[in-house]
Amino acid sequence: QKEVEQNSGPLSVPEGAIASLNCTYSDRGSQSFFWYRQYSGKSPELIMFIYSNGDKEDGRFTAQLNKASQYVSLLIRDSQPSDSATYLCAVNMGGNKLVFGAGTILRVKS
Amino acid sequence: DAEITQSPRHKITETGRQVTLACHQTWNHNNMFWYRQDLGHGLRLIHYSYGVHDTNKGEVSDGYSVSRSNTEDLPLTLESAASSQTSVYFCASSEFGGGSTDTQYFGPGTRLTVL
């Protein structure tokens, strides 16, 4: 069974702080990794994807990938109350079929 | 603008009834997917299709079927609805054929309640 694990949270951070969201996956052969944000009652929307070891930055968001440790993370700098949502980690385990983690609830307190 | 739509947005049905959830995308994407989302389980893949007349089973396909007669639509049918199928259902699509970095775009979801 191919698995993706996330801490369910909630992760609470003050406004302006860095939020760090983590994800581990079981399939060592996985090639690409996605972070989605989901507001309550809404559909998932893509934040970013990463497929090479190291960091990938997009605005306030940085995705980090370590394939040797089977670990992917998302950092959100200067967190805002509007960042409060559930963050879903998804791993492409072949044929563009994504396996999702259960999500981490992030709460940014103003 | 291109988009992906689902209908109905909310549905209440009774145990044993057949239910069909519609998904329509105007991006001309090859790949389409159906997921269900339940508390504590995240999104789980039900069925997927890489093109017209292609369908494949996902992780939780029992009790569900799909058909792909054109590029735009992938309807999901619950053959005989069960209370365990009460969930939020999301349809998604992506552009390329099986590439590793294809981005999936999600529809707004259908909340299904089986009484």
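The notes below deal with the structure included here. Remember, it's a predicted structure, so these values are computed and weren't measured experimentally. (Residues numbered from 1 in each chain as written. Chains lettered and ligands numbered in written order. Predicted model: local features only at pLDDT ≥ 70, side-chain atom pairs only at ≥ 80, totals over all residues. Heavy atoms only, no water.)

**As for the overall build of chain A**
- Each helix and strand in chain A was counted, giving zero helices and 11 strands.
- Counting from the amino terminus, helix and strand elements in chain A follow one another as β-β-β-β-β-β-β-β-β-β-β.
- The C-alpha radius of gyration of chain A comes to 13 Å, within 12% of the 13 Å expected for a compact globule of 110 residues.
- Dimensions of chain A, computed from the C-alpha atoms along their principal axes, are close to 40 × 30 × 20 Å.
- The buried share among the 110 residues of chain A stands at 44%.
- Restricting the contact set of chain A to residue pairs at least 6 apart, pairs at least 24 apart contribute 54%.
- Within the structure as shown, chain A displays about 5100 Å² of accessible surface, and the carbon and sulfur contribution to it stands at 46%.
- Across chain A, the 11 positively charged side chains and the 10 negatively charged ones have centroids separated by 4 Å. (Helix = DSSP H or I, 4+ residues; strand = E, 2+ residues; numbered from the N terminus. Rg over C-alpha atoms; globule rule 2.2 N^0.38 Å. Buried < 20%, exposed > 50% of the residue type's maximum accessible area, 1.4 Å probe, protein only. Contact = heavy atoms within 4.5 Å. Areas by Shrake-Rupley, 256 points an atom, 1.4 Å probe, with all protein chains shown as cover. Lys, Arg positive; Asp, Glu negative; His and termini not counted. Charge placed at Lys NZ, Arg CZ, Asp CG, Glu CD.)

**Re the packing of aromatic side chains**
- The tally for this structure, following the rule as stated, stands at 14 aromatic pairs over all chains.
- Both rings, one in A:Phe49 and one in A:Tyr51, keep their centres 6.2 Å apart while their planes meet at 15°; by these two values the pair is stacked.
- Taking the centre distance of 5.5 Å and the plane angle of 85° together, the rings of A:Phe100 and B:Tyr35 count as edge-to-face. Taken as a pair, A:Phe100 in strand β10 (residues 98–100) and B:Tyr35 in strand β4 (residues 31–38) lie in two separate chains rather than in one. (Phe/Tyr/Trp six-rings, centres within 6.5 Å; stacked < 30°, edge-to-face > 60°.)

**Comments concerning the state of the cysteines**
Residues and elements named next belong to chain B.
- According to the stated counting rule, one finds two disulfides over all chains in the structure shown.
- Residue cysteine 23 pairs covalently with cysteine 91 via a disulfide, S to S 1.8 Å. Taking the torsion about the S-S bond as the criterion, the cysteine 23 to cysteine 91 disulfide, at about -70°, is left-handed. With cysteine 23 in strand β3 (residues 19–25) and cysteine 91 in strand β9 (residues 87–94), this pair connects stretches of sequence that are 68 residues apart. (Disulfide = S-S within 2.5 Å.)

**So, the side chain of A:Arg37**
Residue and element names in this part refer to chain A.
- Assignment of secondary structure puts arginine 37 in strand β4 (residues 32–38).
- Judged by its relative accessible area of 17%, arginine 37 is buried.
- Within the structure, arginine 37 has its side chain in polar contact with the side chain of tyrosine 39 (distance 3.5 Å).
- Residue contacts for arginine 37: discarding those within four places in its chain leaves Ser43, Pro44, Glu45, Ile47, Phe61, Asp83, Ala85, Thr86 and Tyr87. (Polar contact = N/O pair within 3.5 Å; in protein donor to acceptor, adjacent residues only side chain to side chain.)

**Looking at the interface of chain A and chain B**
- Residue-level contacts link 21 residues of chain A with 24 residues of chain B.
- A buried area of about 1700 Å², summed over both sides, lies between chain A and chain B, and 55% of it is on carbon and sulfur atoms.
- Three residues stand out in chain A for area buried against chain B, namely A:Asn96, A:Lys97 and A:Phe100, and they jointly supply 31% of the buried area on that side.
- If you look at where chain A meets chain B, you find zero salt bridges. (Buried area = accessible area lost by both parts, 1.4 Å probe. Salt bridge = Lys/Arg side-chain N within 4 Å of Asp/Glu carboxyl O.)

Note that all results are geometric; they support no functional claim without further evidence.
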